[in-house]
Each structure stands twice: as structure tokens, then as C-alpha cells.
Number of protein chains: 2
Amino acid sequence: MNNIKNYIETHKDRFINELIELLKIPSISADSAYKNDVLKTAEAVKFSLEKAGCDTVEVCETDGYPIVYGEKEIDTNLPTVLVYGHYDVQPPDPLDLWHSPPFEPIIKETEKHPDGAIFARGACDDKGQMYMHVKAMEFMTSTNQLPCNVKFMIEGEEEVGSANLATFVKNNREKLKNDVILISDTGMIAKETPSITTGLRGLSYVEVEVTGPNRDLHSGLYGGAVANPINVLTKMIASLHDENNHITIPGFYDKVEDLSKEERAEMAKAPFNLENYKNALDIEAVYGETGYTTNERNSIRPTLDVNGIWGGYIGEGAKTVIASKAYAKISMRLVPNQDWQDVTQLFKAHFESIAPKGVKVKVTPHHGGQGYVTPIDSIGYQAASKAYQDTFGKTPIPQRSGGSIPIVSLFEQELKSKTILMGFGLDSDAIHSPNEHFGVWNYLKGIETIPYFYKYFTQLSS
Amino acid sequence: MNNIKNYIETHKDRFINELIELLKIPSISADSAYKNDVLKTAEAVKFSLEKAGCDTVEVCETDGYPIVYGEKEIDTNLPTVLVYGHYDVQPPDPLDLWHSPPFEPIIKETEKHPDGAIFARGACDDKGQMYMHVKAMEFMTSTNQLPCNVKFMIEGEEEVGSANLATFVKNNREKLKNDVILISDTGMIAKETPSITTGLRGLSYVEVEVTGPNRDLHSGLYGGAVANPINVLTKMIASLHDENNHITIPGFYDKVEDLSKEERAEMAKAPFNLENYKNALDIEAVYGETGYTTNERNSIRPTLDVNGIWGGYIGEGAKTVIASKAYAKISMRLVPNQDWQDVTQLFKAHFESIAPKGVKVKVTPHHGGQGYVTPIDSIGYQAASKAYQDTFGKTPIPQRSGGSIPIVSLFEQELKSKTILMGFGLDSDAIHSPNEHFGVWNYLKGIETIPYFYKYFTQLSS
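Residues numbered from 1 in each chain as written. Chains lettered and ligands numbered in written order. Predicted model: local features only at pLDDT ≥ 70, side-chain atom pairs only at ≥ 80, totals over all residues. Heavy atoms only, no water.

### Some points on the sheet that holds strand β13 (residues 325–334) of chain A
Strand pairing in a sheet takes place through backbone hydrogen bonds and is either antiparallel or parallel in direction. Heads up, the rule is: Two strands qualify as a pair provided that DSSP identifies no fewer than 2 bridges between them. Helix and strand definitions here come from DSSP, where helices need a minimum of 4 consecutive H or I residues and strands a minimum of 2 consecutive E residues; each element is numbered from the N-terminal end. Between N-to-C directions, angles cover 0 to 180 degrees, with each direction set by a line fitted to C-alpha atoms, over the stretch in contact for helices.
Taken together, eight strands build an open sheet; the order of strands is β14(A)-β9(A)-β13(A)-β11(A)-β11(B)-β13(B)-β9(B)-β14(B) and the sheet is antiparallel. This sheet does not close on itself; its edge strands, each paired only once, are β14 (360–369) of chain A together with β14 (360–369) of chain B. Sheet twist, expressed as the mean angle between neighbouring strand axes with direction ignored, is 20 degrees. Sheet analysis places strand β11 (residues 303–312) of chain B next to strand β13 (residues 325–334) of chain B, joined by eight bridges and oriented antiparallel. The partner of V306 of chain B across the bridge, within β13 of chain B, is I330 of chain B.

Right under this line is the structure:
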């Protein structure tokens, strides 16, 4: 890729400013109050793909938020890379923990990012990493170095479960036909330690509602005499883990494969410092399933976490009330072979079964997706590995991630092609948290590395 | 009390309208946003006492909301009745469960109140019941039938623990000197079954905060590897009750006296229909401490209830986050001899001791108060009993209530006088709940009954 370093040096300020403009739009897909902003973002992505040299770009309507599709076909005999990303973002709350407004991006230097990092919701997940591909495309087209065909599919519902993506993919198999899928929506171990994500966890996300008395009650007159939905909910949730932090839902582990000693030994080689990990989170001790290391707990083991809980009086001061209802949002991270719909049913059946008389329980599935593991001997993986070697001067480490990108397994099933996960974010970038940020160095390094993937993938495919 | 029925018949519309005006002011002491409304209500109460014939009325400043004091002394040789009540109200939320706005009072007929009931926050607790005393005073003064001296002490912080009342009482022992304290802030068994509350439970109200990681985390990247404050909080709260719903806090029951077989048998005579109770709350089964009946569980036994819980993402849709913090408001109802400050310390020590490594726990006491039991052979009780006999044609039943009026034991300690609890509300009046209401019949019956208490108390005292 001739001259790429110079090109980036020449245009980096524009690259950063364009991303900042995109980050200013609060495209929160989980909150319908932001509907217009999400739609506005789709239009902005369409415009950027046109400018980057795509021949056809369309905003494809779905039953939810639209999918932006763009393509440039230079030769049907050449391979085709399909780039997937998303333009929607997580809700920013709790707002009071942000040091600057989530949708007013600013660049600040940090210990991990001495060249500065862009602070904004979506900076890393996924606007920043998605936009690296748009700028890499711009470089390849404007310098006539695009070695193969390219397709872009950028959706707006990833943070709420990609409810309409499956239908779109099934209805557009021909249009989306490709030889490899390229996604940057994960992280890397460290700036000095590039890594390629080879595994993702599946997800089952449910909401539960516990109803006791038909109205809020005075806790003095009724306290101790009727089931308090909040007390009951805490008992039910607490019972979902045993004293070893194993999940107690019958059948939950049936399809979980234990990794071999060798595989676990291989994993253990990834650089990890428990003290730094604890210090970064300001915790005295880690916590999790007995018999597994921290890196195993958040990657090769399924988990169950409460993501939100509420009920009763949560305002200022005190109110002596027994609530009529209590709620929780609960998500389970799954490992390959665990079917998310089966697990959702196992959860529902179990949770309903443990409800004491005196309360009614409702379990509502939100969304979910399958886990995924990709082989490291594929052409795609090899091309990515060589790309990192050129730009980082190091062979990247294959890494299992704890996160979920449910659509990856959908792609394999529907489009029969493998996905390569080239992530450039760091764990410390606080995605899904207040003060999310993305290093300027990482952003530009991604733009630099991506074209080499195209080059090597085309070479290895011929 | 000559002519009282006619007087009430003549003035009842005005009595109702005056109460409705008072109920329109949202005097929510728990929420500082309503500060001006609380103060406005104090002024309205002052005005009403002046109109009712008090000689001196003052709004006494405290470090919190003021206490309205009024008095009429007719003869220092005659006994003095001190009336206590409160003009502040509980927060109205959840607002969406109200059928009419909480501070726009309306009168509707109900099954239990065929003559209509006033629906508004504070209708029964305690503006309505407090105002009965103001109107009874008006009757006695305007018809020259006041048989003794009267003092009023109406506070504005009862719903938030009467933080400043103790200081006021201690600093004004002479001014508040009395022979009996009269309070209407409780209920009666049924319209056909008048009752006098002879026991109250104590209260300890605390707020707990569990802190895990120093920021919200992505539940995929960290799920299963760090202590999730919400999961931990549910485990900690769940562990506060054992399988028999006994409270597990060490030392919690040390001072709890078991009632004798005879006392329990006496209690069991109070009319109670479990099926009606369950139907009224739309619950399949009651729930509580093994070995005790429903009426025992909510009166003679101490309890622990979560009044509110919150943490993580509680908005629309889904957010895959591990919260940094989780919170709960927890209250314990105590029985006589349990010291609320001791119990608060027991809770704090125990709750902090069960926190797993990896989280930090903070316990903040909100407020509390002692339980109370009053003898049924006192002059005050006898006077009240005779008053009910005159107006209801029945001897009232002595009843232990599950609620708490912490200041009652304070009064006995500081003012050396007994408190008589003449309540005219019904359990079904939904105090502390949406759609709180107070029967018009009960309101007028209270105004009619109270003067007879003055009459008999004066007679029996001479």
C-alpha cells in the first residue's frame, strides 16, 4: 500500500474532525426519544460512503432502523470483502459520571493514549471503528489501490439486538454475497500487543417482573404479612448462583464444552496482570466462578449478570412502602454450542418455577444471539495477521472475547462466509461506560492496517 | 355534647371543603422540591386553629419544617388535652397508578364508603384525621362546650422521621405540659367495629449502597470476572431472612418478648377473614414468618422489608452493563423493648460483615423510633372507650397496630403522659399508596366522637 503513511499524515485532522461530527449525533437506538438522531446518523453514514468512493449507496428501510448499504465492484473475478459495522450507540447514562458531555466530543491525553483520545459515546463502539473502514476505503479508491470488490453493511440496531438484520440478510443473500466479512467492533490486548478476536460469547437478555399485592402498601400495616416483591426478587436472583458462582438453572451447562488443558495453557500466555486489573477497577478482589481464571471467566465461561434492577421508592428521603412490583434486566453471556433461544427458555421455565406463592412472575425475552469461534488457519485470518505484521511489526495474538456480536453466527449461517474481527480499541476505552473514548493513535493505526488486509486477502485468494 | 349532630349536619359541606383546600397543597416533606408547599401548609394550619378558637397560635421554627402550636386555656384547674398530628404527606409516586391527581381531591363513592370518600394524598394520613380535631375544637368553642384546656402540636416532618420534634419537645416541656395526648393517625378495624390502637411498632430505616468497580462496565468484557454490585446486593438482602422468614441479623430478636397464649388468643378474636384479605390484595397466598398468623406478623412481630431498590440500567430497552453501584432502602419494624438505635447498629455491623471482597458497602441510617404499648385501664383509654360507645353504640376493641408513630414513646418519656390513639381510617384507605382516600362518613364521625372524649376525660379526671 504505497504512500499510506503520508496520506494519513496529510489528512489526519480531517479524518478526526469527520469522526467528531458523526459522534455529535446522539444515535441511541435503545431510547425512542432519539429516533430522529438515529435516522440522521444513517444519512450521514450514507454520505460518507459516497464520498469514500462507493458506486451505489442506499439507506435500506427495515421494520426498525435502516441499514446503510454501499458497494464498489471493480472486477467480478476478484474476491469481495463485506464490511459490517453499526452507527447506533449505547445510552450514555449515568450522565453525572461523564467528565464531558457524551455527545460533545473532546480530545484529551490519557496515560494509555499520550497522543490523545476522542471522548464521546460511540467513539470506539462502534462509530470510530466503523469509520476507520470508510477512511481506509477513501485511501484505496483515491489512490487507485483498491485490490478487490467491497461491500458495506452498516446497521443501526446493534446495541438493541439487531432485531431486523436477520430478515435483511436473508432477503439479500445475493446482494451481500462475499468471500469474507470484516468487522471492527472488538478490542485488542494492548497497543504493543495486537490481537485478533477468534471467539465471541452468545447472549440472552431478559426482563423480569415480580408482582405482589395489587397496589403499593404501607410497610407498617402490611410488613411481614405479605410477600414483598423486592425481597422476593432478591431471593430469586440470589438463588441463580450457588456458593461457587455456578449458575443453578437446570440444563444451563449441558452444551458448554470445557476447553482442553492445552487450550487453557495457550490462553494463559496472553499478557495479564491481576494487580493492574484490580487497580484499574479499584477493587480489592476479583470475583467469579470457582476453578477458572479471570480471563477464562470472561471469555470461555457462560455468565449471568443483572444489568438493572428497580422497584419501590427510589427518590430522595424515606418512604415506608411495600411496592406492588419489582423489576430486573438480566443478561446471560453464552459460549459456543449454547443456543441462546434454548437458554432463554431454560431461564424462563426455571425463574417462573422458583417464584413463591403470593407473587406473580413475568419473564420477557429482550434479544439474544449465538456465540462464535473462528479458525486461525483461514485465508481471512492469515491476511489479517500479515496486515498487523506490516503495520505493528508483530504477529497478532488470537484472543477469545467475552463480548457478543450476535450477527456473526447469523452471517456464517446465511452468507456461508467467515468473519474476521480486527479490533483496535482497548479494554480501558470504557465502551458502554461513562467517558467512552478511542485513542487517536488507534484510530489512525486502524485506517493504516485495513488496506493491507485487502491486499493480502486478495493475494491469498488468487 | 348537645346539638353536635345538628351542628355537623349544618356545617358538613364547609368541613369537607376546608379539608379539600388543605389537601390541594402538596406538602411532601421527603422531597425538598416541595419546600414552599410544606411551609404554606403550616400557615394554613395556623389559620385554621385561630378560626377554631385557639387563643394563641404560633408557627414554631425548627432546623427542619416548622411545628404549628396552638392552645386555649380556660381554667388551670381543669385537665389539659394535647392534640398531636402532622400536616406533611408521603410522596405520591408511582403517579401512574393514581386514578385522579393526588393533589386534586375528588369525592367518589366506593364499596366501603357508600357516602363517598375524599381521594387525595394525605386525605387520611394525616391531614384528614388531624383536621377532625380542628373542627371538633371549632364545635366546642363556638357552642361554649369546651370542658377543659386544649393544646395543639401539628408537625411537618412525621413522614421523614420527625427529626426535629424531639428537640422541640425537650425545649418546651412546660409549654406542652398536659394530662393526656390525643392522636388520630391510625385506623380502626371497620366502620361497624371501632377500635383503639394500644400498640405501635418501632422503626429503623436505613439506606445501603454497594460499590463494585469504579465505573460501569461492559457486561460482555467483564461479566463473570468481577463482583456485580447488583448481584451481590440481591445475595446480601436475600440472606437477611432464613427459610422460615426469620431475620438472620445476630441479636435482632434478643429483646423481642413473645406474647402469652392468652394474649394471642385475645388477639385472635379480632374479626379477620383471610380470603377477603387475599382478595383485596389480589394475592394467591399470604407470606411471612413461620409460626405466626397474619395479624400477628404485622403487629406483634418485628419485620424487615426492602422499600426501594435500584441500580444499573432501568430505562427503556436493554443495556449490557455491569453497574458500579447498587442501592436499597430497607426498613425494620420493631416491637416494644427493641431499641431502634441498637437494632440499627446490629443491622449495620451485620450488613457490612456479609459483604464479599470485591465490593465496598455503606450503610446510612435514615431515621427510626421506639415501639409503644399503652394500658387499657388508664383514664384516657376509658374516656375514649365511652366516647365511641356514645357515637358508635359499641365498645371499641383494643388493637395492636403494625405501624409506627415514633414520637409516641418520646412523648411518654419527655412529657410523662400517656397517648390515646383514636383512629378513624380503614386499612383499605390506601395510605402511603396511590389513591389514598378517607371516608366522608369516617371524617364526620371523628368530628362527632372527639368532643365526647374531652367530656369524659374531664369527668373521669375530676
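### Section: the packing of helix α2 (residues 35–51) of chain A against helix α3 (residues 127–142) of chain A
All names here are of chain A. Let me state the cut-off plainly: Under this scheme an angle from 65 to 115 degrees is roughly perpendicular, one under 35 degrees roughly parallel, and one over 145 degrees roughly antiparallel; angles in between are oblique. Handedness of a crossing is defined here by the sense of rotation of the near helix relative to the far one, left-handed for an anticlockwise turn of less than a right angle and right-handed for a clockwise turn. Two residues form a contact once any of their heavy atoms are found within 4.5 Å. Classification convention: Asp, Glu, Lys, Arg as charged; Ala, Val, Leu, Ile, Met, Phe, Trp, Tyr, Cys, Pro as nonpolar; all other residues, Gly among them, as polar.
Running from N to C, α2 and α3 cross one another at 25 degrees; their axes reach a closest spacing of 10 Å. Our classification of the angle between α2 and α3 gives roughly parallel. Handedness of the crossing formed by α2 with α3: right-handed. Touching T41, V45, S48 and L49 of α2 are K127, M130, Y131 and V134, all from α3. Residues of the contact of α2 with α3, tallied by class, amount to five nonpolar, two polar and one charged.

### Focus on the nonpolar core
Residue and element names in this part refer to chain B. In plain terms, the rule: Nine residue types can take part in a nonpolar core, namely buried Ala, Val, Leu, Ile, Met, Phe, Trp, Tyr and Cys, and a core is a set of them joined through side-chain atoms within 4.5 Å. When a residue's accessible area, from a 1.4 Å probe over protein chains only, is under 20% of the maximum for its type it is buried; when over 50% it is exposed; and in between it is partly exposed.
With 74 residues, the main nonpolar core has V81, Y87, Y443, F453 and Y454 as its most contacted residues. Sort the elements by how many residues they give to this core and helix α13 (residues 440–461) lands first, with 10 residues. With sequence-adjacent residues up to four places away left out, F453 is seen in contact with V81, V180, L182, G380, A383, A384, A387, I420 and M422.

### Structural notes on the pairing of β13 of chain B
All names here are of chain B. The buried count for β13 comes to eight of 10 residues, which makes it a mostly enclosed element. Here 10 bridges tie strand β9 (residues 202–211) to β13, and the two strands are oriented antiparallel to one another. If you follow V210 over to β13, its bridge partner there is A326.

### Some points on the environment of L304 of chain B
With respect to the helices and strands, the residue L304 of chain B is situated in strand β11. Expressed as a C-alpha distance, the spacing of L304 of chain B and I397 of chain B, which sit 93 residues apart in the sequence, is 28 Å. In contact with L304 of chain B, not counting residues within four places along its chain, are N231 of chain A together with L240, H241, I247, I249, I330, S331, M332 and F347 of chain B.

### Some thoughts on the packing of helix α11 (residues 379–392) of chain A against helix α13 (residues 440–461) of chain A
Residues and elements named next belong to chain A. Between α11 and α13, the least distance of the axes is 7 Å, while the angle of their chain directions is 135 degrees. Taken together, α11 and α13 sit at an angle that is classed as oblique. Where α11 crosses over α13, the two elements pack in a sense that is right-handed. From α11, I379, G380, Q382, A383, A384, K386, A387, Y388, D390, T391 and F392 reach across to α13, where they touch W441, K445, E448, T449, Y452, F453, Y456, F457, L460 and S461. Taken together, the residues of the contact of α11 with α13 sort by class into 12 nonpolar, five polar and four charged.

### Here we look at the interface of chain B and chain A
Note the following rule: A 1.4 Å probe defines the accessible area here, and the buried area is the portion of it lost by two parts on being joined, summed over both. Any carboxyl oxygen of Asp or Glu that lies within 4 Å of a side-chain nitrogen of Lys or Arg is treated as forming a salt bridge with it.
Taken residue by residue, the interface counts 91 residues in chain B and 92 residues in chain A. Roughly 7900 Å² is buried in total at the junction of chain B and chain A, and carbon and sulfur atoms are behind 53% of that figure. Our enumeration of links across chain B and chain A arrives at two salt bridges. Residue K360 of chain B pairs with D282 of chain A through a salt bridge whose shortest N-O separation is 3.7 Å. Examining the composition of the side of chain B that touches chain A, we find that 10 residues originate from one element, β11 of chain B, more than from any other. Considered class by class, the residues forming the side of chain B that touches chain A number 35 nonpolar, 34 polar and 22 charged. Sheet topology note: the strand β11 (residues 303–312) of chain A/β11 of chain B ladder contains five bridges and is antiparallel. Along β11 of chain B, the bridge assignment pairs G312 of chain A with G308 of chain B.

### Observations concerning the pattern of salt bridges
Residues and elements named next belong to chain B. Taken as a whole and assessed by the stated rule, the structure comprises 50 salt bridges over all chains. Notably, a salt bridge pairs E448 with K445, separated by 3.5 Å at the nearest N-O pair. Of the two residues, E448 and K445 are both situated in helix α13; the distance of three residues between them amounts to about one turn of the helix. Owing to a relative accessible area of 9%, E448 belongs among the buried residues under this scheme.

### Some thoughts on the relation of the copies chain B and chain A
Going by this rule: A least-squares fit on C-alpha atoms brings the copies together, and the residues used are those whose pLDDT is at least 70 in both copies.
Once turned by 180 degrees and shifted 0.0 Å along the axis, chain B lies on chain A with an RMSD of 0.0 Å. Both copies of the chain, as the preceding transformation shows, are related through a two-fold rotation axis.

### Some thoughts on the sheet that holds strand β5 (residues 117–119) of chain A
All names here are of chain A. If you trace the three strands from one edge of the open sheet to the other, you get β4-β5-β18, paired in antiparallel fashion. Only two strands of the sheet have a single partner each, and these edge strands are β4 (106–108) and β18 (437–439). Within the sheet, the average angular offset between the axes of one strand and its neighbour, ignoring direction, is 30 degrees. The sheet contacts of helix α1 (residues 4–23) involve β4 and β5, and relative to β5 the element is tilted by about 20 degrees.

### Some points on the pairing of strand β3 (residues 80–86) of chain B
Residues and elements named next belong to chain B. Burial runs high along β3: seven of the seven residues are buried. Bridge count for β3 against strand β6 (residues 149–155) is seven bridges, and the pairing is parallel. In the sheet register, Y84 faces β6, and the bridge partner there is M153. Note: β3 against strand β7 (residues 180–183), four bridges, orientation parallel. Following the sheet pairing, V83 is matched in β7 by L182.

### Points about the environment of T248 of chain B
All names here are of chain B. Basically, it comes down to this: Contacts described as polar in this section are N or O atom pairs within 3.5 Å, which, within protein, must combine one atom able to donate a hydrogen with one able to accept it, while residues neighboring in sequence count only if both atoms come from side chains.
Mapped onto the elements of the fold, T248 is located in the loop between α6 (229–238) and α7 (261–267). Using a relative accessible area of 30% as the deciding quantity, one classes T248 as partly exposed. For the pair T248 and H350, spaced 102 residues apart in sequence, the C-alpha separation works out to 9.2 Å. Not counting residues up to four positions away in its chain, the partners in contact with T248 are S239, L240, H241, D242 and H350. Separated by 2.7 Å, the side chain of T248 and the backbone oxygen of S239 make a polar contact.

### As for α11 of chain A
Residue and element names in this part refer to chain A. Stated precisely, the cut-off is as follows: To estimate how far a helix should reach, multiply one less than its number of residues by 1.5 Å.
The end-to-end C-alpha separation of α11 is 20 Å, in line with the 20 Å expected for 14 residues at 1.5 Å each. Those residues of α11 that are buried are in contact with β7 (180–183), β8 (195–200), β16 (397–400), β17 (419–421) and α13. One or two residues past the end of α11 sits G393, with phi positive at roughly 70 degrees.

### A short note on the domain arrangement of chain A
All names here are of chain A. Heads up, the condition is: Residue ranges for the domains originate in an automatic or database domain assignment.
Annotation of chain A at the domain level lists domain 1 (4–200 + 371–461), domain 2 (202–254 + 302–368) and domain 3 (257–300). On a C-alpha basis, the centres of domain 1 and domain 3 stand 27 Å from each other. Contact between domain 1 and domain 3 buries roughly 420 Å² in total, counting both sides, with carbon and sulfur atoms accounting for 66%. Sorting the residues of domain 1 by area buried against domain 3 places I189, R400 and G402 first, and these three jointly supply 76% of that buried surface. Remark: the boundary between domain 1 and domain 3 carries zero salt bridges. Taken together, domain 1 and domain 3 are joined by one residue pair in polar contact (both at pLDDT 80 or more).

### A closer look at the packing of aromatic side chains
Note the following rule: Working definition: rings of Phe, Tyr and Trp (its six-membered ring) pair if their centres are within 6.5 Å, and the pair is stacked with planes under 30 degrees apart, edge-to-face with planes over 60 apart, and tilted otherwise. Two conditions define a charge sitting above a ring: the NZ of Lys or the CZ of Arg must be within 6 Å of the ring centre, and it must be within 35 degrees of the ring normal.
What the rule picks out here adds up to 30 aromatic pairs over all chains. Between F392 of chain B and F424 of chain B, the aromatic rings sit 6.4 Å apart at their centres with planes inclined by 20 degrees, giving stacked as the arrangement. Of this pair, F392 of chain B sits in helix α11 (residues 379–392) while F424 of chain B sits in the loop between β17 (419–421) and β18 (437–439), and the two are 32 residues apart along the sequence. With relative accessibility at 0%, the residue F424 of chain B sits in the buried group. Grouped by ring-pair contacts, the aromatic residues Y388, F392, F424 and W441 of chain A constitute a single cluster. A cation over a ring is seen here: K386 of chain A above Y456 of chain A, with NZ or CZ 5.1 Å from the ring centre. Residue placement shows K445 of chain B over the ring face of F392 of chain B; its charged tip is 5.6 Å from the ring centre.

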